[in-house]
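Analysis of the macromolecular model
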Amino acid sequence: AQKVTQAQTEISVVEKEDVTLDCVYETRDTTYYLFWYKQPPSGELVFLIRRNSFDEQNEISGRYSWNFQKSTSSFNFTITASQVVDSAVYFCALSEAYTSGTYKYIFGTGTRLKVLA
Amino acid sequence: DTAVSQTPKYLVTQMGNDKSIKCEQNLGHDTMYWYKQDSKKFLKIMFSYNNKELIINETVPNRFSPKSPDKAHLNLHINSLELGDSAVYFCASSRRTGKNTEAFFGQGTRLTVV
């Protein structure tokens, strides 16, 4: 079965520090897609990024960057110069085939990030 | 404009009651989902519909019944509520069912059964 592991349950950093959230996945698929979501204290789930398995280029969006390494089955998320507003639970997810042509999202257990002022 | 909206946001009810959660998306998506998030923040899929057709039905008690009157709406009805049903329920939608499409989630409905 496919699996997403976020080993860091909780991370605390001081504002302006850089922080990396780890995500390790297991899949039998040769082509697959990975996602990151943010869940702020208000509770909604916010989509951040989608990455496919055949594109290993790192992605940067403002203070956010993602490092995808197929060799280690990892899709790590780095926040540069963290801010208090980054405090949230972050989820890594993988799309998994349910039946032929049907897919569902498998989520990791999440990493709670606390950014202290 | 809210893309995926759920009502109500909070629901407190007694054991044994029947309740419904409504979900609507205005993104023009074909696929909708219900996910359950437990107290440890673990997210697990319950159901998915594609163009009003049920395509995913995970191991969920049959007290839970989804209904999709059209592809923009997916409601969740729960009969005979139990304490263990307390959780946050998220509705989501995606353009289609496919491994390469991201889902957009509603703000969640926090259900508390007392």
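Up top is the structure these notes are about.
All values reported here derive from a predicted model rather than from experimental measurement.

1. Digging into the overall build of chain A
- In terms of helices and strands, chain A carries zero helices and 12 strands.
- Mapped from its N terminus to its C terminus, chain A presents α and β elements in the order β-β-β-β-β-β-β-β-β-β-β-β.
- A compact globule built from 117 residues would reach a C-alpha radius of gyration of about 13 Å, and chain A, at 14 Å, matches this within 12%.
- Buried residues in chain A amount to 47% of all 117 residues.
- Pairs at least 24 apart in sequence give 54% of the contacts found in chain A among residues at least 6 apart.
- Counting only carbon and sulfur atoms, one obtains 48% of the accessible surface of chain A, whose full area is about 5,500 Å².
- Charged side chains in chain A number 11 positive and 13 negative. The centres of these two groups are separated by 4 Å.

2. Topic: the side chain of N52 of chain A
Residues and elements named next belong to chain A.
- Along the chain, the position of N52 falls in strand β6 (residues 46–52).
- Note on N52: relative accessible area 17%, which makes it buried.
- There is a polar contact of 3.2 Å between the side chain of N52 and the backbone nitrogen of F54.
- Among the polar contacts listed, one links the side chain of N52 to the backbone nitrogen of D55, at a separation of 3.0 Å.
- When neighbours within four sequence positions are excluded, N52 is seen to be in contact with Y32, Y33 and F68.

3. Structural notes on the pattern of salt bridges
- This structure, assessed with the given rule, holds 10 salt bridges over all chains.
- With a closest N to O distance of 2.7 Å, K71 of chain B and D30 of chain B form a salt bridge. Of this pair, K71 of chain B sits in the loop between β7 (64–70) and β8 (73–78) while D30 of chain B sits in the loop between β3 (19–25) and β4 (31–37); the two residues are 41 residues apart in sequence, bridging distant segments of the chain.
- By relative accessible area, D30 of chain B is classed as partly exposed at 22%.
- A salt bridge links D85 of chain B to R63 of chain B; its shortest N-O distance comes to 2.8 Å. One end of the pair, D85 of chain B, is in the loop between β8 and β9 (87–94); the other, R63 of chain B, is in the loop between β6 (53–57) and β7, and 22 residues separate them in sequence. The same class applies to D85 of chain B and to R63 of chain B, which are both buried.
- What emerges from the salt-bridge pattern is a single network uniting E96 and K104 of chain A together with K44 and E58 of chain B.

4. Focus on the sheet that holds β8 of chain B
Residue and element names in this part refer to chain B.
- Strand order in the open sheet made by the four strands is β1-β3-β8-β7, with antiparallel pairing throughout. Every other strand in the sheet has two partners, leaving β1 (4–7) and β7 as the edge strands with one partner each. Within this sheet the neighbouring strands show an average axis-to-axis angle of 20°, counted without direction.
- Where β3 meets β8, four bridges bridge the pair, whose relative direction is antiparallel. Directly across from E24, in β8, lies its bridge partner H73.

5. Focus on the packing of aromatic side chains
- The final tally for this structure, using the stated rule, is 22 aromatic pairs over all chains.
- With a centroid separation of 6.0 Å and an interplanar angle of 90°, the aromatic rings of F68 of chain A and F75 of chain A are classed as edge-to-face. With respect to burial, F68 of chain A and F75 of chain A carry one shared label: buried.
- Connected via pairs of aromatic rings, a cluster forms that spans F35, Y37, F47, F91, Y105 and F107 of chain A together with Y33, Y35, F90, F104 and F105 of chain B.

6. Thoughts on the side chain of K104 of chain A
- Relative to the helices and strands, K104 of chain A resides in strand β11 (residues 102–107).
- Exposure remark for K104 of chain A: the relative accessible area of 10% places this residue in the buried category.
- With residues near it in sequence (within four places) discarded, K104 of chain A still touches L94, S95, E96 and Y98 of chain A together with Y35, I45, I56 and E58 of chain B.

Procedures and definitions
Residues numbered from 1 in each chain as written. Chains lettered and ligands numbered in written order. Predicted model: local features only at pLDDT ≥ 70, side-chain atom pairs only at ≥ 80, totals over all residues. Heavy atoms only, no water. Helix = DSSP H or I, 4+ residues; strand = E, 2+ residues; numbered from the N terminus. Rg over C-alpha atoms; globule rule 2.2 N^0.38 Å. Buried < 20%, exposed > 50% of the residue type's maximum accessible area, 1.4 Å probe, protein only. Contact = heavy atoms within 4.5 Å. Areas by Shrake-Rupley, 256 points an atom, 1.4 Å probe, with all protein chains shown as cover. Lys, Arg positive; Asp, Glu negative; His and termini not counted. Charge placed at Lys NZ, Arg CZ, Asp CG, Glu CD. Polar contact = N/O pair within 3.5 Å; in protein donor to acceptor, adjacent residues only side chain to side chain. Salt bridge = Lys/Arg side-chain N within 4 Å of Asp/Glu carboxyl O. Pairing = 2+ DSSP bridges. Axes fitted to C-alpha atoms, helices over the stretch in contact; angles between N-to-C directions. Phe/Tyr/Trp six-rings, centres within 6.5 Å; stacked < 30°, edge-to-face > 60°.

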